[in-house]
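# A structural walkthrough
As a plain string of letters, each chain reads:
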Amino acid sequence: CVRASAPRLLAPQQALGASGVPEAPERSGVRLVSVTIPQLQALGSLLSISTPMLTLSEVPDALPLLTGSKGALVLSICHAFRATTYLSGKTGATYLDHDAFAAAGVAIEVQKYDHPVYPQRFGPFLPGLSILDALANCGTQQVREFLAR
């Protein structure tokens, strides 16, 4: 929550409102995905990321192919999209059945991420924040350079 008297947290030259990132609607009954997908697409566009994004509901032919939960569900999604490689986060890789993926011909790559350190306006560097923090503190071009590493 932000109070009217709270200090402005964005650097004046980095106001993100003009970036085209949609604001969350203030009404009940809105599904989170209907807000986050447009926000991710807008951020992707801002940062020149062109990776296609879709939800399973946009691919109704794939839905009958999906089975299981957790790692088995991930593997069935890989099958539905004829994936040969699954990029996993470090924690997610711990619950995947690596043998099942290998038997299915789907390689697992675990993301290797070294968090960039950048100047933040308030206090010492605090890692693990949203990309919005990096955009507010560093600007679009610097964040593009972080992502290119």
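Predicted, not measured: the structure shown is a model, and the values here were computed from it.

One pass over the structure, following the stated rule, counts 3 aromatic pairs. Summarising the aromatic geometry, the rings of Y118 and F125 are spaced 5.1 Å apart at their centres and angled 80° between planes, so their arrangement reads as edge-to-face. You can call Y118 buried: its relative accessible area is 6%. Through pairs of rings, three or more aromatic residues link up here, namely Y118, F125 and F146.

A separate point is the environment of G128. By secondary structure assignment, the location of G128 is in the loop between strand 2 (107-110) and helix 4 (131-138). What makes G128 exposed here is its relative accessible area of 62%. Linking G128 and P116, residues 12 residues apart in sequence, is a C-alpha distance of 9.7 Å.

Per-chain confidence: the protein chain averages 81 in pLDDT, with 81% of residues scoring 70 or above. This model gives residues 1-16 a pLDDT under 50, and the stretch forms 19 contacts once residues within four places in sequence are excluded.

Pairing geometry for strand 1 (residues 85-88) and strand 2, over 4 bridges, is parallel. By the bridge assignment for strand 2, S88 is matched with V110. For the handedness criterion, the β-α-β arrangement of strand 1, helix 3 (residues 98-103) and strand 2 is classed as right-handed.

Turning our eyes to something else, we now look at the environment of V74. Structurally, V74 can be placed in helix 2 (residues 70-80). On the basis of relative accessible area, V74 is assigned to the buried category, the value being 13%. Taking the C-alpha atoms as reference points, V74 and L96, 22 residues apart in sequence, are found 8.4 Å from one another. Excluding residues that lie within four positions of it along the chain, V74 makes contacts with Y86, Y95, L96 and F101.

About the thresholds
Residues numbered from 1 in each chain as written. Predicted model: local features only at pLDDT ≥ 70, side-chain atom pairs only at ≥ 80, totals over all residues. Heavy atoms only, no water. Phe/Tyr/Trp six-rings, centres within 6.5 Å; stacked < 30°, edge-to-face > 60°. Buried < 20%, exposed > 50% of the residue type's maximum accessible area, 1.4 Å probe, protein only. Helix = DSSP H or I, 4+ residues; strand = E, 2+ residues; numbered from the N terminus. pLDDT = per-residue confidence, 0-100. Contact = heavy atoms within 4.5 Å. Pairing = 2+ DSSP bridges. Right-handed = clockwise from strand over helix to strand, strands pointing away.

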